[in-house]
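Residues per chain, in single letters:
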Amino acid sequence: MDAPRPVEATPADDIEETAPRRRLSWPRLGLLVLVLGALTGAAVVSVSSASDRSRTPTASWGVPYVDVTLTPTFQFQDPAVNSARTVALSFVVADHTKSCTPSWGGFFTLDAAASDLDLDLRIAQLRSSGGDVMVSLGGQANTELAVACSDLGKLTSAYRDVVTRYDLASIDLDIEGKAVADLAAATRRAQALAVVQRERTKAGHPLQVWLTLPVAPTGLTPQAVELLRTTLAGGVDLAGVNVMTMDYGGSRPAGVSMLDAAEQALEATAKQVGQAYQSRGTTLSEAQRWARLGATPMIGQNDVDGEVFTLADAQGLVSFARERGLGRMSMWSANRDQPCGASFTGVAVHSNTCSGVDAPAKAFTGVLGDLTGTGPSAPVTNVVRDAAPVPAVDNPATSPYPVWRVDAQYPGGYKVVWHGKIYEARYYSTGNDPSIVTNADAPSSWALLGPVPANATAPKPVPAVRGVTAAWNPEALYQRGARVVFDGLPYEARWASKGAAPSTLFPVRSDDAWQALFAVPGEPTGS
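An account of the accompanying structure is given in this report. (Residues numbered from 1 in each chain as written. Predicted model: local features only at pLDDT ≥ 70, side-chain atom pairs only at ≥ 80, totals over all residues. Heavy atoms only, no water.)

Let's talk about the sheet that holds strand E24 (residues 514-516)
Ordered in space as E21-E22-E24, the three strands form an open sheet in which the pairing is antiparallel. Unpaired on one side and paired on the other, strand E21 (483-486) and E24 mark the two borders of the sheet. Strand after strand, the sheet turns through a mean of 40° between neighbouring axes, direction not considered. Examined bridge by bridge, E21 and strand E22 (residues 489-493) share four bridges and lie antiparallel to one another. Across the sheet, the residue bridging to Val484 is Tyr491, located in E22. (Pairing = 2+ DSSP bridges. Helix = DSSP H or I, 4+ residues; strand = E, 2+ residues; numbered from the N terminus. Axes fitted to C-alpha atoms, helices over the stretch in contact; angles between N-to-C directions.)

So, in structure tokens, the structure goes:
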């Protein structure tokens, strides 16, 4: 869709002289200057007004979703994997056993996500390189906090814990399924978040709140509109409404493309958003309505058969976003932004880890990368507040994982510390310095997770067997299978040896005489 063209003004210097030249008196000359100035000013105003109509009022903010708990883990902090500056991490929901406790996917508490998923570390790394995160709460698969937790005080604390834990400048409320019609939960959610917003504003760290809802080409359902009204009535200062332009099913008329359906849905929702604000006594201009709107397509094959959002659709929707001044553009999800491979050739499939269409890796994310909006950001002073100074030499006593060794063999998933940073092996390697930067065509065997925390301590090995008590003796001849304790840890002889002490450097090399009977933090399961 073409934007309106500015009205062209005729420069004063191009006006032909039709009257004879006369000598003007100073008063007449002054009058002429005033008249010409007024005419020129009018022309400038005319051009400016037309330009205002054609210029995008808001630079759209591109922020793809990342499924945090999905395996294999998506390393959103690694530029070789993710080219987006900001990502929406999903989903924080109610813990499966404690309804008022926030968790990632229902199983990882915030502390567990830090230790098991390295989430805090990876967020710090993304921020240290100039990026940021928003956190999405809710989703389709689990129970949103306000639905599960009926205690307003505990619910407020749960939201506060998430926001303060990750020092967030923006959050996303993804309300789907039966939760859309739960107005009691919507009221609690709004009241709790309004409190958290006021607290953050008072502390000098304002919090943006986005409401994400399902949509049809005709717009939001009556239940979704009522949810929006309830959220506004509860005192939440909404940054905008993000609609899921996907999985239309029977609501998408035959012959209507996925791009057309998305544009129709956004046009209808823009009017509904304006009406919702109007009912609260706030009149939004057209530009303000669009600035409070976001779109999230499911890239590639949707859950519904026959619904495929192509790369061309993505490019068209980004152009539409620019023309309208859409506040936000997202996608589900960065985990899926890669082709499915030979096993899926010619088959329409929905996968959580690939798009199901013939598009290069990171192609959809690259389209979003053309949007110039940046969104809110966490305070720069707090970006790496938990990072330790980069040491000249890594200290095993204060490194949370084993220090990298050039002679060690590392299976995929093994974590090490090197030059003050924590790395994870993408695949088996030996002798590859984690700190060496490689080109995109030949990515490193190591993924940078983030800086070593300031309060880090040495890893504590965990014995895998019990009952080993015999201390290693340098004078004894040990046969294969013999078990000893060395430096407080159990080992088993790989072959017959005498005088060969068990290694205390982790991981233990495959050519050492003794096999470790313990696990070290950083080792992948089964190594």
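Some details on the state of the cysteines
Applying the stated criterion to the full structure yields two disulfides. Each sulfur of the disulfide joining Cys100 and Cys149 lies 2.0 Å from the other. A torsion of 90° about the S-S bond marks the disulfide between Cys100 and Cys149 as right-handed. Residue Cys100 is located in the loop between strand E3 (86-94) and strand E4 (102-104), and its partner Cys149 is located in the loop between helix H4 (145-148) and helix H5 (152-165); the two are separated by 49 residues in the primary sequence. Sequential numbering of the bridged cysteines in the chain gives the disulfide pattern 1-2, 3-4. (Disulfide = S-S within 2.5 Å.)

Quick look at helix H3 (residues 119-128)
Where burial is concerned, most of H3 is hidden: eight out of the ten residues are buried. Residues of H3 that are buried make contact with E3, E4, helix H2 (110-116), strand E6 (132-138), strand E16 (421-425) and strand E18 (446-451). One or two positions beyond H3, positive phi appears at Gly130, with a value near 100°. (Buried < 20%, exposed > 50% of the residue type's maximum accessible area, 1.4 Å probe, protein only. Contact = heavy atoms within 4.5 Å.)

Some points on empty space enclosed by the protein
This model, assessed by the stated rule, comprises one cavity of 30 Å³ or more. What the largest cavity holds in volume is close to 70 Å³. Pro297, Ile299, Phe309, Ala314, Val318, Met329, Ser330, Met331, Phe364, Val367 and Leu368 are the residues that line the largest cavity. Secondary structure elements with two or more residues in the lining of the largest cavity: helix H10 (311-324) and helix H11 (363-368). Class assignment of the residues belonging to the lining of the largest cavity gives a composition of ten nonpolar, one polar and no charged. (1 Å grid on protein atoms, 1.4 Å probe; cavity = no way out; pocket = protein on both sides within 12 Å on 5 of 7 lines; lining within 4 Å. Points joined across faces, edges and corners; volume = space filled by probe spheres on them. Nonpolar A, V, L, I, M, F, W, Y, C, P; charged D, E, K, R; others polar.)

Some remarks on the packing of aromatic side chains
Counted by the stated rule, this structure contains twelve aromatic pairs. Ring centres 5.2 Å apart and planes at 75° place the aromatic pair Tyr478 and Trp514 in the edge-to-face group. In this pair, Tyr478 is assigned in strand E20 (residues 477-478) and Trp514 in strand E24, connecting sequence segments 36 residues apart. Neither residue differs from the other here; Tyr478 and Trp514 are each classed as buried. Both rings, one in Tyr491 and one in Phe518, keep their centres 5.4 Å apart while their planes meet at 85°; by these two values the pair is edge-to-face. Of this pair, Tyr491 sits in strand E22 while Phe518 sits in strand E25 (residues 518-519), placing them 27 residues apart in sequence. (Phe/Tyr/Trp six-rings, centres within 6.5 Å; stacked < 30°, edge-to-face > 60°.)

Notes on the sheet that holds E18
Taken together, the three strands give an open sheet; going across it, the order is E15-E16-E18, and neighbouring strands pair in antiparallel fashion. On the outer flanks of this sheet lie strand E15 (415-418) and E18, each paired with one strand and no other. Neighbour to neighbour, the strand axes of the sheet diverge by 30° on average, direction disregarded. With four bridges joining them, E15 and E16 adopt antiparallel strand pairing. Paired with Val416 across the two strands is Tyr423, which belongs to E16. Where H3 meets the sheet, its contacts fall on E16 and E18, and the angle it forms with E18 comes to roughly 90°.

Some details on the environment of Leu517
Of note, Leu517 is situated in the loop between E24 and E25. For the pair Leu517 and Val462, spaced 55 residues apart in the sequence, the C-alpha separation amounts to 8.8 Å. The residues touching Leu517, leaving out its near neighbours within four places in the chain, are Pro463, Ala464, Val465, Arg483, Pro490, Tyr491 and Glu492.

Points about the side chain of Ser351
The residue Ser351 is located in the loop between strand E13 (328-329) and H11 in this model. A relative accessible area of 12% places Ser351 in the buried class. In this structure the side chain of Ser351 is engaged in a polar contact, spanning 3.1 Å, whose partner is the backbone nitrogen of Thr353. (Polar contact = N/O pair within 3.5 Å; in protein donor to acceptor, adjacent residues only side chain to side chain.)

Section: the packing of H5 against helix H6 (residues 183-202)
With their axes 9 Å apart at the nearest point, H5 and H6 run at an angle of 45° to one another. The pairing of H5 with H6 is recorded here as oblique in orientation. The hand of the H5/H6 crossing is right-handed. Here Leu152, Leu155, Thr156, Tyr159, Arg160, Val163 and Thr164 of H5 come into contact with H6, specifically with Arg188, Arg189, Gln191, Ala192, Leu193, Val195, Val196, Glu199 and Arg200. For the contact of H5 with H6, the per-class residue count stands at eight nonpolar, three polar and five charged. (Parallel < 35°, antiparallel > 145°, perpendicular 65-115°, else oblique. Left-handed = near helix turned anticlockwise from the far one by under 90°.)

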